[in-house]
Amino acid sequence: MPSAFKKALDSKKFVVTSEVAPSKGTNLEKMVHHIELLKDKVDAMNVTDHQSSVMRFPSLGGALLVKEHGGEPILQMTCRDRNRLALQADLMLASSRGINNVLCLTGDSVMLGDHREAKAVFDLDSSQLLEAVRTLERGKDMSGNELDGDVNFCAGAIVTPEANPIEPQLIKFEKKIEAGAEFIQTQAVYDMDNFKEFMDYASRFDVKILAGIILLTSAGMARFMNKNVAGVMVPQALIDEMASAPKGGALKKGIEIAGRMIAQIKEEGICDGVHIMAIGKEEVVPDIMAAAGLV
Amino acid sequence: MIRSITQQKPMEEIEHLLEGMDRIFVIGCGTCTTLTRTGGVEQVAEMSEKLSSKGKVITGTTVVPVACDNLTSDILSEFGPRMNQADALLVMSCAFGVQTIASQLCQMVVPAQNTMFIGKENAAGRFSEICTQCGTCVIGETGGICPVTACHKGLVNGPCGGTNNGKCEIDDNKDCAWTMIYNRLKELDRLDIMRTYKKPRNQLGEPKPGSFQLPPD
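Keep in mind that what you see is a predicted model, and the values were worked out from it rather than measured.

To continue, consider the domain arrangement of chain B. Assigned domains within chain B: domain 1 (2-116) and domain 2 (130-195). For domain 1 of chain B and domain 2 of chain B, the distance between their C-alpha centres works out to 37 Å.

So, in structure tokens, the structure goes:
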């Protein structure tokens, strides 16, 4: 049975996804609050997997929480911490508990996080994890052994449209589709002309594209991302616009910009939907959607 | 030529390893650690001075030509009495040399170095790790550049999302292996190989610990 998210992707409606950031610790109140706030507004919620290699409540646990509260989870899975045995096992657990969307990622280096001396795994990469999902769906494990009960997933991956050089990224993007990706969430896009150029290429493939929207909260944050986040390029005009916000009004300005970009993507039919990343500010996602005219 | 690349351990760690051992014999190596300036004649003299200033008694020092050679014990035999007086041998070679000496002499050995990788000198004084001896060589499909070694994550299907302007997400001084492979294959007009999906690797080409017996003639 296709997941609710898969149905939304296939319905040709403008799809909106957001994120739930697992807690540092077992107090899940904030996560539950965000889930309750967003579950009826977005088509699905990504649950991040030790984002930036910072140890947190597991994505599988977060996805179960989304499910328990009536939301539609997208399980983010990186190859950083688990080998092929553990990844396959967690996919079986997820599917058996009604978590039927998975985003397959390679994962950040352990060195970027808060356990810098941990052993990194990377037994598989993102395209091989996608292939593993499809293998399990055929009722076999990666070694070809029969499974008693298979899995069912709407599987996706990511792409960085602003990467430099771009062609190696696009080769990987095509491999991910070949390995079974049905949807692609992009790294944050800010320059719509560049993004349209990327979509001219990407729309040739049989895959749904959700544009990554990262909420800007200050001009400093935009400059920080330009300097430190691979493949993120906030144009100077947007940085200036953020800087022009009155004191205390930067968040409001960021919401306005995010809303404006989403509205443009939707109105011009640039891609199939958006993935909103309001890092640490999940409670304003409804405001972003309102600014975009989506609610 | 391949070289063992070492870095001296912090002095505090060396002192900790030598705790309770007052008489020390210091051994350097005339090959790799001389080249990397971590265990040659000068560094052995410096280390002996430092240890003396911390109250250790240096019973003797030497720099053997090739510490990892099985003849090292013969060369060291002329220092027998001085070494026997020592509570420990502080070895300023790579771990190959330390283990060779440890296996040949019945004495406590303490390494002064961390062995970082087996590398190749690309430019004067600059060393790179280009092979990790994985036992399942993939470089026939990558234009002769090893992604298992040169990519921080050992990826075989192309770059991760952390690559930035041809550099690795962990260090601006490290090249992105997949940018290098892409450039090489493009130059060779063989990007078709990069476009081909690679199955998960056999991570146990030669299960640790590696072992090999030459077949009899």
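Once the structure has been displayed, the description carries forward.
Residue and element names in this part refer to chain B. In space, the 4 strands of this open sheet follow the order β3-β2-β4-β5, with parallel pairing throughout. The strands lining the two open edges of the sheet, one partner per strand, are β3 (57-64) and β5 (109-111). On average, each strand axis in the sheet is tilted by 25 degrees relative to the strand beside it, whichever way the strands run. Taken together, the 7 bridges between strand β2 (residues 23-29) and β3 define a ladder with parallel strand orientation. By the bridge assignment for β3, Val-26 is matched with Thr-61. The strands touched by helix α6 (residues 95-104) within the sheet are β2, β4 (88-92) and β5, with β5 carrying the most contacts at an inclination of about 180 degrees.

Attention now moves to the packing of helix α4 (residues 84-96) of chain A against helix α5 (residues 126-137) of chain A. Angle between the axes and distance between the axes are the two parameters that describe a pair of packed helices. Residue and element names in this part refer to chain A. As a packed pair, α4 and α5 sit with axes 11 Å apart at the nearest point and diverge in direction by 50 degrees. Between α4 and α5, the angle falls in the class oblique. In this structure, α4 crosses over α5, and the sense of that crossing is right-handed. Only Leu-129, Ala-132, Val-133 and Leu-136 of α5 make contact with α4, whose side of the interface consists of Arg-84, Leu-87, Gln-88, Leu-91 and Met-92. Of the residues belonging to the contact of α4 with α5, the class tally is 7 nonpolar, 1 polar and 1 charged.

Before going further, it helps to examine the interface of chain B and chain A. Contacts between the two partners involve 24 residues from chain B, matched on the other side by 30 residues from chain A. Mapped by element, the contributors of at least two residues to the side of chain B that touches chain A are α8 (177-187) and α9 (191-195) of chain B. The greatest single-element share of the side of chain B that touches chain A, amounting to 3 residues, is contributed by α8 of chain B. Among the residues forming the side of chain B that touches chain A, the class breakdown is 10 nonpolar, 11 polar and 3 charged.

Among all positions in α8 of chain B, only Ala-177, Trp-178, Thr-179, Ile-181, Tyr-182 and Leu-185 of chain B are buried. Structurally, α8 of chain B contributes buried residues whose contacts are with α6 (167-179) of chain A together with α7 (147-150), β9 (171-175) and α9 of chain B. Where α8 of chain B terminates, the next one or two residues include Asp-189 of chain B, which has phi positive at roughly 55 degrees.

What follows covers the packing of helix α9 (residues 236-243) of chain A against helix α10 (residues 250-267) of chain A. Residues and elements named next belong to chain A. In the contact formed by α9 and α10, the axes pass within 9 Å of each other and the chain directions differ by 140 degrees. It follows from the interaxial angle that α9 and α10 lie oblique. Residues Leu-238, Glu-241 and Met-242 of α9 form the contact with α10, whose participating residues are Ala-250, Lys-253, Gly-254 and Ile-257. Residues that form the contact of α9 with α10 fall into these classes: 4 nonpolar, 1 polar and 2 charged.

The next point concerns the nonpolar core. If you look at soluble globular proteins, the nonpolar side chains tend to sit buried side by side. Counting residues in hydrophobic clusters, the biggest one holds 102 residues, and the most contacted among them are Val-102, Cys-104, Val-133, Ile-213 and Ile-288 of chain A. Among the elements that line this core, the one with the most residues is α10 of chain A, at 6 residues. When near neighbours in sequence (up to four residues on either side) are disregarded, Ile-213 of chain A contacts Ala-188, Ala-258, Met-261, Ile-262, Val-274, His-275, Ile-276 and Met-277 of chain A. Among the nonpolar cores identified, the runner-up in size contains 23 residues, and Cys-32, Val-63, Leu-89 and Met-92 of chain B belong to it.

All names here are of chain A. Pairing is parallel around the closed barrel formed by 8 strands, whose spatial order is β1-β2-β3-β4-β5-β6-β7-β8. Strand-to-strand twist of the sheet, defined as the mean angle between neighbouring strand axes without regard to direction, takes the value 30 degrees. Inspection of the sheet shows strand β6 (residues 183-188) paired to strand β7 (residues 208-214) by 4 bridges, in the parallel sense. Note on β7: the bridge partner recorded for Gln-185 is Leu-210. In the packing of α5 onto the sheet, the strands contacted are β3 (73-78), β4 (101-105) and β5 (154-159), and the crossing angle to β4 comes to about 150 degrees. Against the sheet, α10 contacts β7 and β8 (273-277), and its axis sits at roughly 165 degrees relative to β7.

This part is about the environment of Thr-72 of chain B. Residue and element names in this part refer to chain B. Tracing the chain through its elements places Thr-72 in helix α4 (residues 72-76). Looking at Thr-72, the number of C-beta atoms within 10 Å reads 22, which means it is buried. It is 8.0 Å that separates the C-alpha atoms of Thr-72 and Thr-100, two residues lying 28 residues apart in sequence. Ignoring sequence-local partners within four residues, the contact set of Thr-72 consists of Val-64, Ala-67, Thr-100, Ile-101 and Gln-104.

Residue and element names in this part refer to chain B. The buried fraction of β4 amounts to 4 of the 5 residues, a majority that puts the element mostly inside the structure. Strand direction decides the pairing type here: β2 and β4, joined by 5 bridges, are parallel. Note on β4: the bridge partner recorded for Ile-24 is Ala-88. Where β4 and β5 come together, 3 bridges link them in parallel fashion. Bridge pairing links Leu-89 to Val-109 in β5. In terms of handedness, the path from β4 via α6 over to β5 forms a crossover that is right-handed.

About the thresholds
- Residues numbered from 1 in each chain as written.
- Chains lettered and ligands numbered in written order.
- Predicted model: local features only at pLDDT ≥ 70, side-chain atom pairs only at ≥ 80, totals over all residues.
- Domains from an automatic or database assignment.
- Pairing = 2+ DSSP bridges.
- Helix = DSSP H or I, 4+ residues; strand = E, 2+ residues; numbered from the N terminus.
- Axes fitted to C-alpha atoms, helices over the stretch in contact; angles between N-to-C directions.
- Contact = placed C-beta atoms within 7 Å.
- Parallel < 35°, antiparallel > 145°, perpendicular 65-115°, else oblique.
- Left-handed = near helix turned anticlockwise from the far one by under 90°.
- Nonpolar A, V, L, I, M, F, W, Y, C, P; charged D, E, K, R; others polar.
- Buried ≥ 20, exposed ≤ 12 C-beta atoms within 10 Å, placed from the backbone.
- Core = buried A, V, L, I, M, F, W, Y, C linked by C-beta atoms within 7 Å.
- Right-handed = clockwise from strand over helix to strand, strands pointing away.

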